[in-house]
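# Fold and geometry: a report
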Amino acid sequence: APRSLTSPMALCARTAALASAEAPACTRARGARRAHRRAPRCAAAQACGVDFPAASSDGLQFAGCGARSKKIAFLSVDVYAVGLYVAAEAWRAEREAGRAALDAEGSKLLRIVMVRGVDSETFWSALREALQPRIAEIATWLATAETASGDFMAETAEKAELKEEAALEALDEMKAFFAAESNLQKGDVVELRWGGRGSNDVSAALPGKRHEVTLTSEEFGRALFACYLDE
């Protein structure tokens, strides 16, 4: 897999327990009640005063959290807190097998909660700055990958180029998504989803504003989540 690049904000996934990891299967009604429980707080989210639900609306389980801060003069100011939600059983199996977070199968959700208002262009610019080198890194790795016998094939490079084009198209669509919103206010939530390894399903949403975009690129999904999950 491509090497990790420096992450702008690494999640504290190792320090927060996977919520309800040992809980038995339950009925839909009980599962709905569990979704309103609070997840364990990591130090970063606690400092921001953000509580994350133990489960997402579609049943993904809380796995960790962190915070993004910005330096203003000599002060470090929190901008947003972010919580990671995963398909618990698939996540545990993949992690126990020694696979990195980005290589794990199963749906993943990043729930970003703004703790300070920023204009959407500023938010997008910072995210794009982190995304672009990761897309380039993934494309380079795909283009130079060898076959099982150790050979390099021109066909591999051609497929990699098509995948890079799809990722860049998704980048443009994500830009348009944020451009449609002038500002992100304190308390606003941004949800980023990816179907995980092998999935082209990616989406971004502002649930409170009923604004959503659906994208199609596994490489873009990997690059997007690598901004927070690089290990």
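Structure report, in brief. (Residues numbered from 1 in each chain as written. Predicted model: local features only at pLDDT ≥ 70, side-chain atom pairs only at ≥ 80, totals over all residues. Heavy atoms only, no water.)

With that settled, the discussion passes to the overall build of the chain. Within the chain, the secondary structure is distributed over 6 helices and 8 strands. When the helices and strands of the chain are read in sequence order from the N terminus, they spell out α-α-β-β-α-β-β-α-α-β-β-β-β-α. The buried share among the 231 residues of the chain stands at 45%. Taking contacts inside the chain between residues at least 6 apart in sequence as the whole, the part at least 24 apart equals 64%. Of the roughly 12,100 Å² that the chain leaves accessible, carbon and sulfur atoms contribute 49%. (Helix = DSSP H or I, 4+ residues; strand = E, 2+ residues; numbered from the N terminus. Buried < 20%, exposed > 50% of the residue type's maximum accessible area, 1.4 Å probe, protein only. Contact = heavy atoms within 4.5 Å. Areas by Shrake-Rupley, 256 points an atom, 1.4 Å probe, with all protein chains shown as cover.)

A separate point is a negative patch on the surface. On the surface, Glu158, Glu161, Glu164, Glu165, Glu169, Asp172 and Glu173 cluster together to form a negatively charged patch. If you trace the backbone, Glu165 turns up in helix H5 (residues 154-179). (Patch = residues over 30% accessible without salt bridge, like charges linked within 9 Å, V, L, I, M, F, W, Y side chains within 5 Å. Salt bridge = Lys/Arg side-chain N within 4 Å of Asp/Glu carboxyl O. Lys, Arg positive; Asp, Glu negative; His and termini not counted. Charge placed at Lys NZ, Arg CZ, Asp CG, Glu CD.)

So, about the pairing of strand S8 (residues 211-216). Here S8 shows a clear split, with His211, Val213 and Leu215 buried on one side and none of Glu212, Thr214 and Thr216 buried on the other. Across 6 bridges, the pairing between strand S7 (residues 201-206) and S8 is antiparallel. Among the inter-strand pairings, Val202 is bridged to a residue of S8, identified as Leu215. The turn linking S7 back onto S8 is made up of 4 residues, and Arg210 within it adopts a positive phi angle of 50 degrees. (Pairing = 2+ DSSP bridges.)

It is worth spelling out helix H6 (residues 218-229) at this point. The terminal C-alpha atoms of H6 lie 15 Å apart, and with 12 residues this matches the ideal 16 Å at 1.5 Å per residue to within 8%. Most of H6 is tucked away: 12 of the 12 residues are buried. Those residues of H6 not exposed but buried are Glu218, Glu219, Phe220, Gly221, Arg222, Ala223, Leu224, Phe225, Ala226, Cys227, Tyr228 and Leu229. (Expected span 1.5 Å × (residues − 1).)

A separate point is the pattern of salt bridges. According to the stated counting rule, one finds 9 salt bridges in the structure shown. A salt bridge links Asp103 to Arg222; the shortest N-O distance between them is 3.0 Å. Remark: Arg222 occurs in helix H6 and Asp103 occurs in the loop between helix H3 (88-96) and strand S3 (105-114); sequence separation between them is 119 residues. Since its relative accessible area comes to 14%, Arg222 is described here as buried. A salt bridge links Arg197 to Glu105; the nearest nitrogen and oxygen atoms lie 3.6 Å apart. Taken together, the residues Arg197 in the loop between strand S6 (189-196) and S7 and Glu105 in strand S3 connect sequence positions 92 residues apart. A single network of salt bridges, built from pairs that share partners, joins Asp58, Arg111, Glu191 and Arg193.

Attention shifts here to the environment of Ala205. Mapping Ala205 onto the fold places it in strand S7. Ala205 sits in the buried class, given a relative accessible area of 12%. For the pair Ala205 and Arg193, spaced 12 residues apart in the sequence, the C-alpha separation amounts to 8.6 Å. Beyond its immediate stretch of four places on either side in the chain, Ala205 contacts Phe177, Val189, Val190, Glu191, His211 and Glu212.

Going through the model one piece at a time under the given rule, you end up with 7 aromatic pairs. With 5.8 Å between their ring centres and 70 degrees between their planes, Phe62 and Tyr85 make a pair best called edge-to-face. Residue Phe62 is found in strand S1 (residues 61-72), and its partner Tyr85 is found in strand S2 (residues 75-86); the two are separated by 23 residues along the sequence. An identical accessibility class is assigned to Phe62 and Tyr85; each is buried. Seen from their ring centres, Phe177 and Phe178 are 5.0 Å apart, and the 80 degrees between their planes marks the pair as edge-to-face. Comparing Phe177 with Phe178 shows no difference in burial state: the two are buried. Taken together through their ring pairs, the aromatic side chains of Tyr80, Phe123, Trp124, Phe177 and Phe178 make up a single cluster. Geometry around Trp194 places Lys108 over its ring, the cationic atom sitting 5.3 Å from the centre. (Phe/Tyr/Trp six-rings, centres within 6.5 Å; stacked < 30°, edge-to-face > 60°. Lys NZ or Arg CZ within 6 Å of the ring centre and 35° of its normal.)

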